[in-house]
Amino acid sequence: MPLPSFLSMYQQLIAAPSISAMDESLAMSNKGVIDLLANWCTSLGFECEITELSGPKGRFNLLAKRGQGDGGLMLAGHTDTVPFDDSRWNYDPFKLSENDNKLYGLGSIDMKGFFAFVLQAISKLDATTQTQPILILATADEETTMAGAQQICKHPNLKPARCIIGEPTDMTPVFTHKGHMSTAIRVVGRSGHSSDPERGLNAIEVMHKVIAKLLLLKEELKNKYSVEHFIIPYPTLNLGHIHGGDNANRICGCCEMHIDMRPLPGLSVQELQMMLLKIAAEINNQCPDAVSVLDMHEPIPAFTGSTDTALVQLAEKISGEQAVAVNYCTEAPFIQQLGCETIVMGPGSINQAHQPDEFLAMEKIKPSQHMISEMIKASCFS
């Protein structure tokens, strides 16, 4: 079966819904995307391994390989997309729409479209001159738990020398990025009638103590830790959501707040967790067992890379752009555990990610295609 055209692959990928969400009522299987990619990879001579993830049913990873032995280049991306707000889209999210020199669709740059670029590039190269393995990795649930990447990094026989993760960077190589933690802080008090405050423990008042300490921690992180490569050079802490109580005349019995933290390279997830647990312990000394700290998902560590690697230097040469640090996070810290040189570099702008009317600017297709092809040739062909 011949490989479809670039635009046909793009259209079919967009037309296969693969939303991942913490709310399982919104979540979808990614099997449709995986099957498309497996069929196309097979047509190019790849051997394909499809693995269902543990946890919620219907989530799959694809690992495709052409060539024998270890080493070579792995081109990696996730098959899932974020949910969408239909009222804010002017185009059908599941139909590739061309308008004003843009290709619109959910996942057009974040990041199902990357696979069309990769397969198109490989199809144009002479397979008889391939000297190193080429691998294509397509993962599940990057937008939520990163379960796909966390599972693949434990693969017993996966040892590429290099990996490019094709998140939308406008083809600028990214050599390091921050991590991500989403944490729930829950205060359980004792409810009662508001006319007799001493008979209860007001969870909102206890949460006020928590917030005061968190704001001090926020300033401490800002002043104590810094990595100059980042536009925002310090770890961030955001108070994102809070809910407590049910009526004005009741002592609040429960209050919960959700916070977001972005660790820098060199600052581990475990260190930040200990800082939060220390705050909880200090308040629990005054209000026994009132405060608990809960991870909302598996924390994602920072991606610690270097500008000195051969892969970064190759990417800088081919792209004409200096490698940068970014504040968002990707699957890179998990892929890196395979022992390969790793960068993030892909078509499309991160400014379009998670936005209504997500699009790929069509004038970027040819230069992006050329750069991806050159990266593959330099790594796997002679």
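In what follows, the structure referred to is the one given above.
Residues numbered from 1 in each chain as written. Predicted model: local features only at pLDDT ≥ 70, side-chain atom pairs only at ≥ 80, totals over all residues. Heavy atoms only, no water.

Draft legend 1. Looking closely at the overall build of the protein chain. If you tally the helices and strands in the protein chain, you get nine helices and 17 strands. The dimensions of the protein chain, computed from C-alpha atoms along their principal axes, are 80 × 45 × 40 Å. Counting over 382 residues, the protein chain shows a buried share of 53%. Within the protein chain, counting contacts between residues at least 6 apart in sequence, those at least 24 apart form 80% of the total. Counting only carbon and sulfur atoms, one obtains 50% of the accessible surface of the protein chain, whose full area is about 17100 Å². One way to put it: in the protein chain the 29 positive side-chain charges average out to a point 2 Å from where the 43 negative ones average out. (Helix = DSSP H or I, 4+ residues; strand = E, 2+ residues; numbered from the N terminus. Buried < 20%, exposed > 50% of the residue type's maximum accessible area, 1.4 Å probe, protein only. Contact = heavy atoms within 4.5 Å. Areas by Shrake-Rupley, 256 points an atom, 1.4 Å probe, with all protein chains shown as cover. Lys, Arg positive; Asp, Glu negative; His and termini not counted. Charge placed at Lys NZ, Arg CZ, Asp CG, Glu CD.)

Draft legend 2. Representation of the packing of helix α1 (residues 6-15) against helix α2 (residues 31-43). As a packed pair, α1 and α2 sit with axes 9 Å apart at the nearest point and diverge in direction by 155 degrees. It follows that α1 is roughly antiparallel to α2 by the angle criterion. Between α1 and α2 the crossing geometry is right-handed. Contact residues: Met9, Gln12 and Leu13 in α1; Val33, Leu36, Leu37 and Trp40 in α2. (Axes fitted to C-alpha atoms, helices over the stretch in contact; angles between N-to-C directions. Parallel < 35°, antiparallel > 145°, perpendicular 65-115°, else oblique. Left-handed = near helix turned anticlockwise from the far one by under 90°.)

Draft legend 3. Just the side chain of Asn61, in detail. With respect to the helices, strands and loops of the structure, Asn61 is situated in strand β2 (residues 60-66). Looking at Asn61, its side chain comes within polar contact range of the main-chain oxygen of Gly148, at 2.9 Å. (Polar contact = N/O pair within 3.5 Å; in protein donor to acceptor, adjacent residues only side chain to side chain.)

Draft legend 4. Geometry of the state of the cysteines. Taken as a whole and assessed by the stated rule, the structure comprises zero disulfides. We note that Cys153 lacks a disulfide partner, and the nearest cysteine sulfur, in Cys340, lies 11 Å from it. For Cys153, a relative accessible area of 12% gives the class buried. Among the cysteines around Cys163, which has no disulfide bond, Cys340 carries the closest sulfur, lying 5.2 Å off. For Cys163, a relative accessible area of 0% gives the class buried. (Disulfide = S-S within 2.5 Å.)

Draft legend 5. Spatial organisation of the pattern of salt bridges. The full count for this structure, using the stated rule, is eleven salt bridges. In this structure, the salt-bridge partner of Asp246 is Arg250, at a minimum N-O distance of 3.0 Å. For Asp246, a relative accessible area of 57% corresponds to the exposed category. Across the pair Glu374 and Lys377 runs a salt bridge, and its minimum N-O distance is 3.0 Å. (Salt bridge = Lys/Arg side-chain N within 4 Å of Asp/Glu carboxyl O.)

Draft legend 6. Summary view of helix α3 (residues 113-123). Where burial is concerned, most of α3 is hidden: ten out of the eleven residues are buried. Among all positions of α3, only Gly113, Phe114, Phe115, Ala116, Phe117, Val118, Leu119, Gln120, Ala121 and Ile122 are buried.

Draft legend 7. The arrangement of the environment of Lys209 in detail. Counting through the fold element by element, Lys209 comes out in helix α5 (residues 203-224). Lys209 sits in the partly exposed class, given a relative accessible area of 37%. Between the C-alpha atom of Lys209 and that of Leu125, which follows or precedes it by 84 residues, the distance is 62 Å. If we skip the residues at most four places from it in the chain, Lys209 touches Ile283 and Gln286.

Draft legend 8. Highlighting the sheet that holds strand β4 (residues 97-99). Sheet architecture is open: three strands sit in the order β4-β5-β17, paired in antiparallel fashion. Since the sheet does not close on itself, it has two edges, and those belong to β4 and β17 (359-361), each with one partner. Direction aside, the axes of adjacent strands within the sheet are offset by 25 degrees on average. Pairing of β4 with strand β5 (residues 102-104) involves three bridges; the strand directions are antiparallel. Among the inter-strand pairings, Ser97 is bridged to a residue of β5, identified as Tyr104. (Pairing = 2+ DSSP bridges.)

Draft legend 9. Highlighting the nonpolar core. With 56 residues, the main nonpolar core has Leu37, Leu75, Ile122, Ile136 and Ile376 as its most contacted residues. Only α1, α2, β2, β3 (73-78), α3, β6 (134-139), α7 (310-319) and α9 (365-380) provide two or more residues apiece to this core. At eight residues, the largest contribution of residues to this core is made by α3. Apart from the residues within four sequence positions on either side, Ile136 is in contact with Cys41, Phe46, Leu62, Leu63, Ala64, Leu75, Phe115, Val118, Leu119 and Ile122. With 33 residues, the next largest nonpolar core counts Ile185, Val187, Met275 and Leu276 among its residues. (Core = buried A, V, L, I, M, F, W, Y, C linked by side-chain atoms within 4.5 Å.)

Draft legend 10. Structural detail: the sheet that holds strand β11 (residues 236-244). Strand order in this open sheet of four strands is β11-β13-β9-β14, and the pairing throughout is antiparallel. Pairing within the sheet leaves two strands with one partner each, and these edge strands are β11 and β14 (291-295). Strand-to-strand twist of the sheet, defined as the mean angle between neighbouring strand axes without regard to direction, takes the value 20 degrees. Direction of pairing for strand β9 (residues 181-188) relative to strand β13 (residues 254-262): antiparallel, over a ladder of eight bridges. Residue pairing for β13: Val188 is matched across the bridge by Cys254. On top of the sheet, α5 reaches β9, β11, β13 and β14; it is set at about 10 degrees to β13, its chief contact. The sheet strands contacting helix α6 (residues 269-286) are β9, β13 and β14, and the helix crosses β14 at an angle near 160 degrees.

Nothing here speaks to function; it is all geometry.
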